[in-house]
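Residue-level structural notes
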Amino acid sequence: MPEWLKPGLVGAAAGATALAIVGFSWGGWLTEGSANKMASDMAQAEVVTALVPVCVQLSKMDPLASQTFLKLKEASSYQRRGILMEAGWATMPGSSEANRYVATACLEKLSDEF
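We now turn to the structure provided with this report. Counting restarts for each chain: residues are numbered from 1 in the order of the written sequence. The model is predicted, so local features are restricted to residues of pLDDT at least 70 and side-chain atom pairs to those at 80 or more, both for listing and for counting; the totals for chains, interfaces and linings are taken over all residues. Neither water nor hydrogens contribute to the side-chain values; these are computed over all heavy atoms in the structure.

On to the nonpolar core. Counting 18 residues, the largest nonpolar core has Cys55, Phe69, Leu72, Leu84, Trp89, Cys106 and Leu110 as its most contacted members. Looking at which element gives the most residues to this core, the answer is helix α5 (residues 100-110), with five residues. What Leu110 contacts, discounting residues up to four positions off in sequence, is Val56, Ser59, Phe69, Leu84 and Trp89. We define a nonpolar core as any set of buried Ala, Val, Leu, Ile, Met, Phe, Trp, Tyr and Cys residues linked to one another through side-chain atoms lying within 4.5 Å. Buried residues are those whose accessible area, probed at 1.4 Å on protein chains only, stays under 20% of the maximum for their type, while exposed residues exceed 50% and partly exposed ones sit between those limits. Every helix listed is a DSSP run of H or I at least four residues long, and every strand listed is a run of E at least two residues long, numbered separately from the N terminus. In what follows, a contact means two residues having at least one pair of non-hydrogen atoms within 4.5 Å.

Following this line, the structure appears as structure tokens:
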């Protein structure tokens, strides 16, 4: 290897390392795993936002809504999500299980009613 090539290779390696550090730290670069997680989280948030009106509508159609609202009012904050899920308001049509994220968001929306 020629003597003049060694400093160039060391400089290129140092520059590539510095570029990677700056790019991932401040440049907004993401790994594939981070980008997939971010996209999944954003999709989950959008689905929950879209399903909250369904939860609110289910609460309005429930003949036992007044009893459920009374339970919600008397319950502590960490028990409310379970009560809403038991009432079936967070169980979307076509689904067999309640969605806890929808239940949490729905509680925020219904908080004025109890």
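Next up on the list: the packing of helix α3 (residues 65-74) against helix α4 (residues 77-87). Lines fitted to the C-alpha atoms define the axes, with helices restricted to the stretch that makes contact. Angles between their N-to-C directions range from 0 to 180 degrees. Between α3 and α4, the shortest axis-to-axis distance is 9 Å and the interhelical angle comes to 165°. As summarised for this structure, α3 and α4 are arranged roughly antiparallel, according to the angle between their axes. Considering the relative orientation of α3 and α4, their crossing is right-handed. Of α4, the residues touching α3 (which contributes Thr68, Lys71, Leu72 and Lys73) are Arg80, Ile83, Leu84 and Ala87. Residues are grouped as follows: Ala, Val, Leu, Ile, Met, Phe, Trp, Tyr, Cys and Pro are nonpolar; Asp, Glu, Lys and Arg are charged; every other residue, Gly included, is polar. For the contact of α3 with α4, the class distribution of residues is four nonpolar, one polar and three charged. The scheme is simple: roughly parallel for angles under 35 degrees, roughly antiparallel for over 145, roughly perpendicular for 65 to 115, oblique for anything else. By convention the crossing between two helices is left-handed if the near helix lies anticlockwise of the far one by an angle smaller than a right angle, and right-handed if it lies clockwise.

Along the chain, Ser59 turns up in helix α2 (residues 32-61). Think of a polar contact as two N or O atoms within 3.5 Å of one another; within protein, one of them needs to be a possible hydrogen donor and the other a possible acceptor, and neighboring residues in sequence only count if both atoms come from side chains. Of note is the side chain of Ser59, whose polar atom sits 2.5 Å from the backbone oxygen of Val56. Ignoring sequence-local partners within four residues, the contact set of Ser59 consists of Ala65, Trp89 and Leu110.

In short, geometric facts, not functional conclusions.
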